[in-house]
Amino acid sequence: MATGLSATTPLVEARGLTKRFAPPARLTDMFRKERPHTHAVNKVDLTISRGESIGLLGESGCGKTTTGRLLLKLIEPSAGDILFDGTAVAGLAGPSLIDFRKRAQLVFQNPFDALNPRFTIERALAEPLVNTGVERATHRDRVEKALSQVRLPPLARFEGLFPHQLSGGQLQRIVLARALVLEPDFIVADEPVSMLDVSVRAGVLNVMREVRASLGLAALYISHDLALVRYVCSRTLVMYLGRIVEEGPTEDLLKSPLHPYTRALMKAVPVPRVDQSRDPLPIIGNVSDARGQPKGCSFRDRCPLAIARCADDEPALRSVAPGRRVACHLV
Amino acid sequence: MANVQMPAQSLPAGQGGNAFVAGLRRILRDPFSVAALVIYVLLVLVAIFADQLMTHDPTQIQFRANGRVATNQPVSEAFLLGTTNLGRDIYSQLIAGSRNALMVGVTAAISVAALGTLVGLLSGYFGGRIDAFLMRLADVALAIPFLPFVIVLSGFFRANTWNVVIAVALLLWPNTARVIRSQVLTVKERAYVEAARVTGASDLRILFVHVAPNILPLTFLYGSVAIGWAILTEAAVSFVGFGDPSRISWGFMLQDAFVSQALSRGSWNWFLPPGICIIMVVIAGFFLARGAEEVLFPKLRS
Ligand SMILES: Nc1ncnc2c1ncn2[C@@H]1O[C@H](COP(=O)(O)OP(=O)(O)OP(=O)(O)O)[C@@H](O)[C@H]1O
Ligand code: SF4
Ligand SMILES: [Mg+2]
């Protein structure tokens, strides 16, 4: 892949990104012409610049993980394009896909599941280098470097250890190190601390923040957690039922949320702190499912401010102030 | 927020903690599994040292000192289990039969395990049309009745021990394939498989390096079940007279005893030994599978 068409090309750019999932086949559906698909991600536009860290915020099931997996070409979009450093990701295959894999990495939500139980820590950390054909002689140095970046002791301390012998906090740093060993430009961190003990979350987040800043990595942090986003992200996107409903610099967005959904999210956690355990949101009702293609605003069933127009017109994501975009008829 | 430095002592001392070893230890505490292991070890030893253990040529007609054919001899020092109605040494036949049993059992087990595992891996991992095709094939194979199929095979080819092995492999792989497939479906959703993909592993590498090793124990389980089935089938086929006539097997001995009216003459020394051998080896196969199951799924233990 050609690097950097120009310094101003965004590193990651998604346009009209859409992912529909077919529902599980049922016998009764045989007689129906069209089965309702889940619109997990719906016409999402986003750009991430080099070295920028942005947050993707939203309740469970709103399509955050799916967005991350699309950006990393782990699943194929139903519609829309993704450009990575100016190159369309959809067409990547063979060596160009391997180059992309070296540059875009993933940090997993559940560190207890993200490492092959039959691989030693050492083998797990070298595996990405093996997969991408990095010269074997350099493996040990690169693994040591990644371990020191995540503030873990040298490889010798992990001699012969398997994942089940480490704690969650250590495992998550190993997972981060495994991503860093490829020296990527971009990482997606999907709920990177939500499965960890509250007591070790701050430590892991700290390491991620430092590593990101010192290496100049671009990052997409996926979370339901306002505190995390506030702590590590300069810009934040708020997602609801597959759509981006609000976007802005994190501090502005948290200080003066504009979209009714963002405001509801904010009420849930008055003083965001990372080491807080998560409660369900106090918004009335549940996330209605993203099946079918409903008309109007996707939030209208739960919106306290909904007006007649909301049922018919889908609000577009409009710029309302420098750097701030909102999808709501009332803003 | 302070940086959390990992305390040095929080890492356990370097030792390859191995669940497999723990499982083996558990097997050795289970009397049934131990009995099964002893039976198999004996079978293997007897098969290896058969030439040394046999006192006579099992196919040769034996003669008494007076020059007459040694027919229907009782148990004696010269003929440890007596002789058949045509004067062959039963003990030596029994020893020779162990070779056949081991060969049939092991080759059938390997074929079933290999075929079933491969199909299960491909089917579960790739899904879609490959999966649909292979699983329909499995349905077809499962619908074929066992013994008639072997007999038809024996009719097409010469009566041959390999017919049994082929039939067991062709008809038993679907059970293995289905279980392996469903296990693949679970394993492939694990995050470490996605991790392999995102770090650049190819499909084949994911399938054989990341998925297969986490499923392999099941292969052994189904392989050990197939040993018992194969030996039992071979005995049944030989008993109904479709076995390989040039090869001495326990099933052949039973058939020989049966058609020679050994039962009505009460020649227990002729029909009991091969019967007991078959039962022991088949039961050992199932006990071994049970033991393997407990290693694989320790939660089944109460
Ligand atoms: N492979 C799939 N097949 C079918 N539906 C899927 C699949 N993956 C996700 N979905 C559906 O897409 C929607 C969005 O899922 P996604 O996992 O992206 O949400 P999320 O925002 O990451 O939620 P969470 O916070 O619970 O992780 C959900 O309704 C989910 O059921
Ligand atoms: S468009 Fe209407 S329903 Fe949607 S958030 Fe705005 S006010 Fe609520
Ligand atoms: Mg998710």
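Above this text is the structure in question.
Since the structure is predicted, the reported quantities are computational estimates derived from the model, not experimental observations. (Residues numbered from 1 in each chain as written. Chains lettered and ligands numbered in written order. Predicted model: local features only at pLDDT ≥ 70, side-chain atom pairs only at ≥ 80, totals over all residues. Heavy atoms only, no water.)

S.K.: Report on the overall build of chain A, specifying residues and quantitative values.
M.R.: The helix and strand inventory of chain A stands at nine helices and 12 strands. The buried share among the 331 residues of chain A stands at 53%. Taking as baseline every contact in chain A between residues at least 6 positions apart, the subset at least 24 positions apart corresponds to 70%. (Helix = DSSP H or I, 4+ residues; strand = E, 2+ residues; numbered from the N terminus. Buried < 20%, exposed > 50% of the residue type's maximum accessible area, 1.4 Å probe, protein only. Contact = heavy atoms within 4.5 Å.)

S.K.: Could you give me a rundown of the sheet that holds strand β12 (residues 324-326) of chain A, with the residues and numbers involved?
M.R.: Residues and elements named next belong to chain A. Read across the sheet, eight strands follow the order β6-β7-β8-β3-β9-β10-β12-β11 without closing on themselves; strand pairing throughout is mixed. The open sheet has two free edges, formed respectively by β6 (104-107) and β11 (318-321), since each of these has just one partner strand. Neighbouring strand axes in the sheet, compared pairwise and without regard to direction, differ in orientation by 25° on average. Pairing of strand β7 (residues 186-190) with strand β8 (residues 218-223), which is carried by five bridges, proceeds in the parallel orientation. Pairing of Val188 across the sheet is with Leu220, part of β8. Docked against the sheet, helix α6 (residues 198-215) engages β3 (53-57), β6, β7 and β8, running at close to 155° with respect to β8. (Pairing = 2+ DSSP bridges. Axes fitted to C-alpha atoms, helices over the stretch in contact; angles between N-to-C directions.)

S.K.: An account of the side chain of Ser123 of chain B is needed here, citing residue identities and associated values.
M.R.: Topologically, Ser123 of chain B is positioned in helix α4 (residues 90-126). Aside from chain neighbours lying at most four places away, what touches Ser123 of chain B is Asp131, Leu134, Met135 and Arg181 of chain B.

S.K.: Residue-level account of the site of ligand 1, with values.
M.R.: Residues and elements named next belong to chain A. Every one of the 13 residues lining ligand 1 counts as a neighbour, but Ser60, Gly61, Lys64, Thr65 and Thr66 are closest to it. Ser60 is positioned with one of its side-chain polar atoms (N or O) 2.4 Å from an oxygen atom of ligand 1. One nitrogen or oxygen atom from the side chain of Thr66 is found 2.5 Å from an oxygen atom belonging to ligand 1. In isolation ligand 1 offers 630 Å² of accessible surface; the protein chains occlude 62% of this area. Considering every element that reaches the shell around ligand 1, the biggest residue donor is helix α1 (residues 64-71), with three residues. The class makeup of the residues in the shell around ligand 1 is three nonpolar, seven polar and three charged. (Near = heavy atom within 4 Å. Polar contact = N/O pair within 3.5 Å; in protein donor to acceptor, adjacent residues only side chain to side chain. Areas by Shrake-Rupley, 256 points an atom, 1.4 Å probe, with all protein chains shown as cover. Nonpolar A, V, L, I, M, F, W, Y, C, P; charged D, E, K, R; others polar.)

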